[in-house]
Amino acid sequence: MDQHVKAFRIFDASAGSGKTFTLAREYLSLILRPGPGGLFRKILAITFTNKAVAELKNRILDSLMEFAALSTENSLSTPMFDAVQAELQTDRDTLIQRSRAVLQQILHNYAFFDVSTIDKFNQRVLRTFARDLDIPTNFEVVLETDLLLEAAINELIAQAGTNKQLTDILVDFALEKAEDERSWDVSDDLLKMGRLLFDETHYQALDVFSGKNIEDFLELKKILRNYGNETEKMLRNSANAILERMESNGLEYSDFSGKFFPNFIRKISEGQFDINTDSKWVEEFGSKPLYPGRVSPSKKQILDAQAPAFTSLFQKILQGLYHRDFLANAYKNIAPFAVLGLLQQELKKLRIEEGYLPIAAFNTIIAKGIADEPAPYIYERLGERYQHYFIDEFQDTSQLQWSNLVPLVSNAIEGEFDQGAKGSVVLVGDAKQAIYRWRGGKAEQFLNLINGIENPFPVLAENQPLPKNFRSHKPLVQVNNEFFSHISAFLNRKAYSDLFLKGNRQEFNHDYQGLVHLEFLPPD
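As the structure is a computational prediction, the values presented were derived from the model and not from experiment. The numbers attached to residues start from 1 for each chain and follow its sequence in the written order. Side-chain atom pairs in this predicted model are given and counted only at pLDDT of 80 or more, local residue features only at pLDDT of at least 70, and totals for whole chains, interfaces and linings cover all residues. Excluded from the side-chain calculation are hydrogens and water; included are all heavy atoms of the structure.

### Some points on the pattern of salt bridges
Between side chains of opposite charge, a pair can form as their charged atoms come close.
Now for step 1: We define a salt bridge as a side-chain nitrogen of Lys or Arg found within 4 Å of a carboxyl oxygen belonging to Asp or Glu. Under the criterion given, the structure shown has 19 salt bridges.
Now for step 2: Of the charged contacts in the structure, one is a salt bridge between Lys-6 and Glu-462, with a shortest N-O distance of 3.2 Å. One end of the pair, Lys-6, is in the segment before strand E1 (8-13); the other, Glu-462, is in strand E8 (residues 462-466), and 456 residues separate them in sequence.
Now for step 3: A residue is classified by how much of its surface remains accessible, and Lys-6, at 41% relative accessible area, is partly exposed.
Now for step 4: For Glu-26, the salt bridge is made with Arg-9, and the minimal N-O distance between the two is 2.4 Å. Of the two residues, Glu-26 is situated in helix H1 (residues 19-31) and Arg-9 in strand E1; the sequence distance between them amounts to 17 residues. One exposure class covers both Glu-26 and Arg-9, and it is buried.
Now for step 5: Here the salt bridges do not stand alone but share partners, grouping Glu-232, Asp-274, Arg-324 and Asp-325 into one network. Strands are runs of DSSP state E lasting at least 2 residues, helices are runs of H or I lasting at least 4, and numbering of each runs from the N terminus. Per-residue accessibility, obtained with a 1.4 Å probe over protein chains only, is compared with the maximum for each type, and a residue is labelled buried under 20%, exposed over 50%, and partly exposed between these values.

### Notes on the pairing of E1
Now for step 1: E1 sits mainly inside the fold: six of its six residues count as buried.
Now for step 2: Burial along E1 is two-sided: Phe-8, Ile-10 and Asp-12 facing one way and Arg-9, Phe-11 and Ala-13 facing the other are all buried.
Now for step 3: Strand pairing requires that DSSP identify at least two bridges connecting the strands. In the sheet, E1 pairs with strand E7 (residues 424-429) via five bridges, with the strands oriented parallel. Paired with Arg-9 across the strands is Val-426, a residue of E7.
Now for step 4: Of the pairings in the sheet, the one linking E1 to E8 comprises five bridges and is parallel in character. Across the sheet, Ile-10 pairs through a bridge with Asn-463, a residue of E8.

### Looking at helix H5 (residues 118-128)
Now for step 1: Of all the residues in H5, the buried ones are Ile-118, Phe-121, Asn-122, Val-125 and Leu-126. On an axial view of H5, the arc spanned by its buried residues comes to 140°, and they lie on one face.
Now for step 2: On the buried face of H5, the contacting elements are strand E2 (43-47), strand E3 (115-117), strand E5 (356-358), helix H15 (362-369), helix H16 (375-382) and helix H17 (399-414). The directions considered for the arc are those from the helix axis to the C-beta atoms. Contacts: residue pairs with any heavy atoms within 4.5 Å of one another.

### Points about the nonpolar core
Now for step 1: What is meant by a nonpolar core is a set of buried Ala, Val, Leu, Ile, Met, Phe, Trp, Tyr and Cys residues, joined one to another through side-chain atoms within 4.5 Å. With 49 residues, the main nonpolar core has Phe-121, Leu-126, Tyr-389, Trp-402, Val-425, Leu-427 and Phe-457 as its most contacted residues.
Now for step 2: Counting residues per element, this core draws most heavily on H17, at seven residues.
Now for step 3: Apart from the residues within four sequence positions on either side, Val-425 is in contact with Ala-7, Phe-8, Arg-9, Tyr-389, Val-409, Ile-413 and Phe-457.
Now for step 4: Core analysis: the second largest hydrophobic core is formed by 36 residues, Val-53, Phe-81, Leu-88 and Ile-106 among them.

### Examining the packing of helix H6 (residues 145-158) against helix H14 (residues 334-354)
Now for step 1: Lines fitted to C-alpha atoms define the axes here, with helix axes fitted over just the stretch in contact, and angles between the N-to-C directions of these axes take values from 0 to 180 degrees. Their axes nearest at 9 Å, the elements H6 and H14 cross at an angle of 110°. In terms of orientation, H6 lies roughly perpendicular with respect to H14. Between H6 and H14 the crossing geometry is right-handed. Counted together, Leu-148, Leu-149, Ala-151, Ala-152, Ile-153, Glu-155 and Leu-156 of H6 and Val-339, Leu-342, Leu-343, Glu-346, Leu-347 and Leu-350 of H14 form the full contact between these two elements.
Now for step 2: Residue classes in the contact of H6 with H14 are distributed as 11 nonpolar, no polar and two charged. In this scheme, roughly parallel covers angles under 35 degrees and roughly antiparallel covers those over 145, while 65 to 115 is roughly perpendicular and the rest are oblique. The sense of a crossing depends on the near helix, which, turned anticlockwise from the far helix by less than a right angle, makes the crossing left-handed and, turned clockwise, makes it right-handed. Any residue that is not Ala, Val, Leu, Ile, Met, Phe, Trp, Tyr, Cys, Pro, Asp, Glu, Lys or Arg is counted as polar, Gly included; the first ten are nonpolar and the last four charged.

### Thoughts on the pairing of E2
Now for step 1: Within E2, five of the five residues are buried, leaving the element largely enclosed by the surrounding structure.
Now for step 2: With burial as the criterion, each face of E2 is covered, one bearing Ile-43, Ala-45 and Thr-47 and the other bearing Leu-44 and Ile-46.
Now for step 3: Pairing analysis gives four bridges linking E2 to strand E6 (residues 388-391), with the strands arranged parallel. In the strand pairing of E6, Ile-46 is matched with Ile-391.

Next up, the structure:
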């Protein structure tokens, strides 16, 4: 690896701390290093929005043009030029000449200047592997998943009446909704359920439905019913065993504290399984005597002797009740599960027959079909091998997105390039600004990397916080710091408490006065 390029760096960039400046500086410092030209062709910079892509591209190109326009005969410069020069420890004339050469290379090979949204990069990967993934090579990207879902739902409902099994499933679903005092119309519920299919947080759980047909769900329903019957039989047998022990030892209901235990067992033996298990006596069962103080010494002796058997059978009953509730819930949801499975099939049909591919499904498809392929093979198919990665807004990178990128990044860090050089990765983000948890973004992922709890690479990360706020004046920075200090005490998870406590240390760059006015609305 180039001795001046650090393999793995993380910039913890709070609001206004010069994140784009830092990204551009690191990118420029990389492409302006001495060595073979065209290094920009081996760099992939990823961010989340087209606006952010344009901003970063413009910052890089504008800086190169400013560098190239500088005179070697005077000392005029820009803050970016000074920062890059200090990073590279090179003289002014050399940096200006390199800037002119690199700018010309980029302008002549602009298609290889790869600053992209993660969705655009994923789309490129999918088009490359379309045949392998059984998707049309000319697929049409669908941004509005609801439109695609509505088409799949309409197609599904249109089959009702001609497909008996499907009709029965939809009728069962409508009846279950009616029992819950909801509208029997299934369209809205199908739309809400269908959105789960595009939610990365449910990807692994819902993947089990893939390829399942109605017969599979009907068979599962039969299995659950059999398991439920067996569980209820076990519950009655255990309850009867307790009652028989009571009878054979001459124990009466009144011998037990409050008669709670024998009444509970009697209900179970009679098949009353919807019974409250949250009572205090249930929680304390086995830790206190089963009897009140008024019972005779002989009864106490019998109850003490029988307590281990009663406790063992009672715990078995409790576990059985919990298991029965689980089975009953699963049985009740067979219809919605079946509908989800059928919606998956309809969406797949639209993808194959019409060429529609929702952008929300990109990460899932890559994770299932490509992520396990060797990185060199993926690079070969893409026609590029990236040596350096820049990932912006990492706090909003989903687990699937990151897991899909890790093999490529790891290959860059661990592999060798021209003249023995190695690759690198730069992550930039702020866990306090995580706003995409609803689509799979996980701030803990960023925190764990910063704190060294998780690291998918063989090299340690170098953490570089950006402590100064260049955007806001002193009063706003101070109020922001105080706010984070205050709310940190209300966070239960230590990782978040420490994060927000650390967030109160941002420095200000502008020592100007200002005003922050907070007004609290009265509660309803």
